[in-house]
Amino acid sequence: MPGVLSEGRGNAKYILGTLNDEMIMIDAATHVFAVMGNPVRHSLSPVMFNRAFSETGYNGVYVAFQVSAIGDGVAAMRSLGIKGASITIPHKISILDFLDEVDSMAESIGAVNTVINHEGRLKGYNSDCLGAVKAIEEVTPLEGKQVAIIGSGGAAAAIGFGVKSRGASLALINRSISKGEKLATALKADFIPLSELQSLPFDMLIQTTSVGMTPHIHQSPVPTELLTPGLLVMDIVYAPMKTRLLKDAEEAGCRTINGLSMFVHQAAFQFELWTQSPSPLAIMKQSLMDSLNNPSKNHT
Ligand code: ATR
């Protein structure tokens, strides 16, 4: 019951409320984690991580902070002892200037989406890259595959780096030529302007733009006729879970990977980094699906 103080001797806990029938308890030793971005009100991370903490008995709480200047967010982590943070749009690149240390993979990608506070020393990682590779390799090995990525933003950079590091060849497809060519050069990948796309002679296509995301659920960046059986199609958009591209791909006989898979795997990496214990992956995935299927219940 929300608001009840349990009076166990020496470790009074305030029962903050219930989440999916699990109690959330806060005491003086509770570790605080946050997603920092702008906007963040749509984020599903608080529901997923609080469920994971509750499930594993970890004494942590996860909140969302809308942060306009990430330097201030980092300063707050230091002064308040916030133990870890997920970093999201638009701070994944600018945060690099404020950290004490950056993991070599995140440094090569040029973006950080995960921070851990080791007794005042802040280190950044990129779990998008690790999460994407895990989501793909659950379905197929990457080594020797020909992969194409649509988009050339931060998500494409992280996934492209991961794909190449696993021994796949890479082509980038992007709307703007300058941005696409720049990332293709950095990743040693081929480049195809989106407007000139005439066929998809690849093993796998990964969609990293926001096209198809709610509320524009009828949009897809790929003409249906280019989708052929044998192509594995992954979309990193997870709202809706089945995007127009994934529906078209299924109808064309392609195998598909939805955006939930990468999202939950990148979060699992964060959970393990922060808590040093295995993540409750199935519970995390289920809490995301519950949130997406029941938006009014979990989005306040
Ligand atoms: P993120 O860091 O989340 O990947 P981003 O850096 O803003 O986001 O990059 C978004 C990518 O999606 C870009 O490659 C963008 O293409 P442009 O370089 O042409 O801007 C692509 N994108 C966004 N909206 C798009 C649209 N409607 N059609 C095609 N590509 C789009």
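Our structure's up above, just so we're on the same page.
Here the structure is a predicted model, which is why all the values come from computation and not from measurement. (Residues numbered from 1 in each chain as written. Predicted model: local features only at pLDDT ≥ 70, side-chain atom pairs only at ≥ 80, totals over all residues. Heavy atoms only, no water.)

Now for the environment of Tyr-238. For Tyr-238, the location among the structural elements is in the loop between β14 (232-235) and α7 (244-251). Along the backbone, Tyr-238 and Ile-26 are 212 residues apart, and their C-alpha atoms lie at a distance of 31 Å. Apart from residues lying up to four places away in sequence, Tyr-238 is in contact with Leu-44, Gly-259, Leu-260, Phe-263 and Leu-292. (Helix = DSSP H or I, 4+ residues; strand = E, 2+ residues; numbered from the N terminus. Contact = heavy atoms within 4.5 Å.)

Moving on, we come to the pairing of strand β11 (residues 169-174). Of all six residues in β11, five are buried, a share of seventy percent or more. Pairing of strand β10 (residues 146-150) with β11 involves five bridges; the strand directions are parallel. Paired with Ile-150 across the bridge in β11 is Ile-173. Handedness of the crossover is the feature at issue here: the chain leaves β10, passes through helix α5 (residues 154-165), returns alongside β11, and the resulting connection is right-handed. (Buried < 20%, exposed > 50% of the residue type's maximum accessible area, 1.4 Å probe, protein only. Pairing = 2+ DSSP bridges. Right-handed = clockwise from strand over helix to strand, strands pointing away.)

A few words on the packing of helix α8 (residues 259-275) against helix α9 (residues 281-293). Direction vectors running N to C along α8 and α9 enclose 130 degrees, while the axes themselves pass 10 Å from each other. Our classification of the angle between α8 and α9 gives oblique. Note that α8 runs across α9; the crossing there is right-handed. Facing α8, whose interface residues are Leu-260, Ser-261, Phe-263, Val-264, His-265, Ala-267, Ala-268 and Phe-271, α9 presents Leu-281, Met-284, Lys-285, Leu-288, Met-289 and Leu-292. Split by residue class, the contact of α8 with α9 holds 11 nonpolar, two polar and one charged. (Axes fitted to C-alpha atoms, helices over the stretch in contact; angles between N-to-C directions. Parallel < 35°, antiparallel > 145°, perpendicular 65-115°, else oblique. Left-handed = near helix turned anticlockwise from the far one by under 90°. Nonpolar A, V, L, I, M, F, W, Y, C, P; charged D, E, K, R; others polar.)

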